[in-house]
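So you can see what is in the structure, the chains are spelled out below.
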Amino acid sequence: QIFTIDTTAPAAPLLTVPMNNATCKSSPVFRWNRVDGAVSYEFQYDNDADVSSPTYSMTTPNIYRKPPAMPNGTFFWRVRAQDVAGNWSDWSIIRSVTISQ
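Here is what the cut-offs are and how they apply
- Residues numbered from 1 in each chain as written.
- Predicted model: local features only at pLDDT ≥ 70, side-chain atom pairs only at ≥ 80, totals over all residues.
- Heavy atoms only, no water.
- Helix = DSSP H or I, 4+ residues; strand = E, 2+ residues; numbered from the N terminus.
- Buried < 20%, exposed > 50% of the residue type's maximum accessible area, 1.4 Å probe, protein only.
- Contact = heavy atoms within 4.5 Å.
- Areas by Shrake-Rupley, 256 points an atom, 1.4 Å probe, with all protein chains shown as cover.
- Lys, Arg positive; Asp, Glu negative; His and termini not counted.
- Charge placed at Lys NZ, Arg CZ, Asp CG, Glu CD.
- Pairing = 2+ DSSP bridges.
- Salt bridge = Lys/Arg side-chain N within 4 Å of Asp/Glu carboxyl O.
- Axes fitted to C-alpha atoms, helices over the stretch in contact; angles between N-to-C directions.
- Polar contact = N/O pair within 3.5 Å; in protein donor to acceptor, adjacent residues only side chain to side chain.

Some thoughts on the overall build of the protein
(1) Moving on: Counting secondary structure elements, the protein contains 0 helices and 8 strands.
(2) Moving on: Starting at the N terminus and walking to the C terminus, you meet the elements of the protein as β-β-β-β-β-β-β-β.
(3) Moving on: The buried share of the protein, reckoned over its 101 residues, is 38%.
(4) Moving on: Taking all contacts inside the protein whose residues are at least 6 apart in sequence as the whole, residues at least 24 apart take part in 64%.
(5) Moving on: Carbon and sulfur atoms make up 52% of the accessible area of the protein, which amounts to about 6000 Å² in all.
(6) Moving on: Treating the 8 positive side-chain charges of the protein as one cloud and the 8 negative ones as another, the clouds have centres 13 Å apart.

Let's talk about the pairing of strand E7 (residues 73-83)
(1) Moving on: Of all 11 residues that make up E7, 8 are buried, and the element is covered over most of its length.
(2) Moving on: When E7 meets strand E8 (residues 95-99), the two strands line up antiparallel, connected through 5 bridges. Bridge assignment links Trp77 to a residue of E8, and that residue is Arg95.

Some details on the pattern of salt bridges
(1) Moving on: According to the stated counting rule, one finds 1 salt bridge in the structure shown.
(2) Moving on: A salt bridge links Glu42 to Arg80; its shortest N-O distance comes to 2.7 Å. Placement of Glu42 in strand E4 (residues 38-46) and of Arg80 in strand E7 is noted, with a sequence separation of 38 residues between them.

Some remarks on the sheet that holds E8
(1) Moving on: Pairing within the open sheet is mixed, and its 5 strands lie in the order E2-E8-E7-E4-E5. Where the open sheet ends on each side, the last strands, each with one partner, are strand E2 (22-24) and strand E5 (56-60). On average, adjacent strands in this sheet sit at an angle of 25° to one another, irrespective of strand direction.

A word on the side chain of Ser27
(1) Moving on: With respect to the secondary-structure elements, Ser27 resides in the loop between E2 and strand E3 (30-32).
(2) Moving on: A distance of 3.2 Å separates the side chain of Ser27 from the backbone oxygen of Pro68, its partner in a polar contact.
(3) Moving on: Separated by 2.6 Å, the side chain of Ser27 and the backbone nitrogen of Met70 make a polar contact.
(4) Moving on: Not counting chain neighbours up to four residues away, the residues in contact with Ser27 comprise Lys66, Pro67, Pro68, Ala69, Met70 and Ile99.

Right, here's the structure in full:
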């Protein structure tokens, strides 16, 4: 028998909304482009620019996420994709968003 193991990661998602350095009055809906072969996405944001200890992290099959109410401040967000074989893409670029109510 021959087995094929898929170790090829999907491409990193491209972030679409909100634009980098945007200012929002409340928690925005975060959106990114669909990745070929992806079945889920991990979305994270943090108040640290390197997203080293995410304030919020959620895995979703959707290409958008509206997190619970975010406090005032500047946050940095990113997304990665996972395929059906469980391979994770690289993280997207990191964007910032400021919540100012």
